[in-house]
Amino acid sequence: MNSFLNTIITNGILLDAFGMIGLCLLGIAAVKLARRYQSWGGTMMAVGAIFLLVARLFMMLSPHFMNDDILSMIGPVGISLTIALPVLLLSFGLAGIVWGLWGHERWVQEGSR
């Protein structure tokens, strides 16, 4: 295998960093859109980007602080929440971005009539 590809696959920090930077840029653009046009779609996109950012941070950092002591301390309900939280945040984040984009475009089309 190519050494560059092997480095990217084994050391995913570069891809994680690019993903975080992209999500931050998406959030900043959505906030700018919401402030400029006063549309609820921009706000929904910003909330969706924040959800995706928090989910990605949780997925990146949880292997470093989730050990057996913490898992036994939070119990089975907490373990279920730590499994479900990233999935819920990613789902609602993507839904927020799509819904916000649809809402903003619809708001722009109604305003231009």
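Before any of the text, the structure's been laid out above.
Attention here is on the structure that accompanies the text. Note that the structure is a prediction, hence the values are computed from the model and not measured. (Residues numbered from 1 in each chain as written. Predicted model: local features only at pLDDT ≥ 70, side-chain atom pairs only at ≥ 80, totals over all residues. Heavy atoms only, no water.)

1. Structural notes on the side chain of H104
With respect to the secondary-structure elements, H104 resides in helix α4 (residues 68-111). Every residue in contact with H104, bar those within four places of it in the chain, is listed here: L33, Y37, S39, G41 and G42. (Helix = DSSP H or I, 4+ residues; strand = E, 2+ residues; numbered from the N terminus. Contact = heavy atoms within 4.5 Å.)

2. Topic: α4
Given a rise of 1.5 Å per residue, 44 residues ought to cover 64 Å, yet the end C-alpha atoms of α4 are separated by just 55 Å, more than 12% below that figure. At G75, α4 shows its maximal kink, close to 115 degrees; a proline, P76, follows between one and four residues later. Where α4 is concerned, the buried positions are G75, G78, P86, L89, G93, G96, I97, G100, G103 and H104. Close packing links the buried residues of α4 with α2 (13-37) and α3 (40-65). (Expected span 1.5 Å × (residues − 1). Bend = angle between axes of the 7 residues up to and from the residue. Buried < 20%, exposed > 50% of the residue type's maximum accessible area, 1.4 Å probe, protein only.)

3. Thoughts on the packing of aromatic side chains
In total, this model carries two aromatic pairs according to the counting rule given. Seen in terms of ring centroids, F58 and F65 are 6.5 Å apart; in terms of plane orientation they differ by 70 degrees. Their pairing is edge-to-face. The class for F65 is partly exposed, based on a relative accessible area of 37%. (Phe/Tyr/Trp six-rings, centres within 6.5 Å; stacked < 30°, edge-to-face > 60°.)

4. Examining the side chain of D16
Assignment of secondary structure puts D16 in helix α2. By relative accessible area, which is 18% here, D16 ends up buried.

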